[in-house]
Amino acid sequence: MTEYALFYVWDASLGDGDEYLPDSYDSAGVLLPQLLELEVSTHSQNILKFATELQQLAHEGDLSFNLSLTFGVTVAHVQLQNTFAVSLPLPDSNMQEAARVIAPLAKKHGLVFYYLLGLVSLPDGQVFTTK
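Residues numbered from 1 in each chain as written. Predicted model: local features only at pLDDT ≥ 70, side-chain atom pairs only at ≥ 80, totals over all residues. Heavy atoms only, no water.

A. Main features of the environment of Tyr 114. Tracing the backbone through its elements, the reader meets Tyr 114 in strand 3 (residues 112-115). Expressed as a C-alpha distance, the spacing of Tyr 114 and Gln 81, which sit 33 residues apart in the sequence, is 17 Å. When sequence neighbours within four positions are dropped, the list of residues in contact with Tyr 114 reads Leu 6, Phe 7, Tyr 8, Trp 10, Tyr 25, Ala 28, Gly 29, Leu 32, Leu 119 and Val 120. At 3.4 Å, the side chain of Tyr 114 and the side chain of Tyr 25 are in polar contact. (Helix = DSSP H or I, 4+ residues; strand = E, 2+ residues; numbered from the N terminus. Contact = heavy atoms within 4.5 Å. Polar contact = N/O pair within 3.5 Å; in protein donor to acceptor, adjacent residues only side chain to side chain.)

Here it is as structure tokens:
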């Protein structure tokens, strides 16, 4: 049984062509369960660099206390997962603040960011929302 979180990232550059690159929020919702079934032995360098930088922001950045605590364990959280798409630690509150931190960082590292409550951002800067 798959347990769903609210925030996911994946490295679409690892697929053939646009295989792992959604073209709408709805297509990302169809793609995500497939990516959660794909097992990996190690994560891409892009995901690991993203996780490291997010964790570093938690320790050194200007984030709320809640986000600093949450994102302070990002690397370990990601490394415990063996799926192509990885969930991110979930704050108890401040979801919008978290999304504003994650989306540009995911773009910087060439990742797709999927927010289950209505947003997908792509590495090229495109953003899709629910209609």
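After that view, the rundown keeps rolling.
B. Layout of the nonpolar core. Among the nonpolar cores identified, the biggest contains 26 residues, and Phe 7, Val 9, Phe 50, Phe 71, Ile 102, Phe 113 and Tyr 115 are the most heavily contacted of them. At the level of secondary structure, the elements contributing two or more residues to this core comprise strand 1 (7-10), helix 2 (45-60), helix 3 (65-71), helix 5 (95-108) and strand 3. Looking at which element gives the most residues to this core, the answer is helix 5, with 8 residues. One finds Ala 28, Phe 84, Leu 122 and Phe 128 within the second-largest nonpolar core, a separate group that totals 18 residues. (Core = buried A, V, L, I, M, F, W, Y, C linked by side-chain atoms within 4.5 Å. Buried < 20%, exposed > 50% of the residue type's maximum accessible area, 1.4 Å probe, protein only.)

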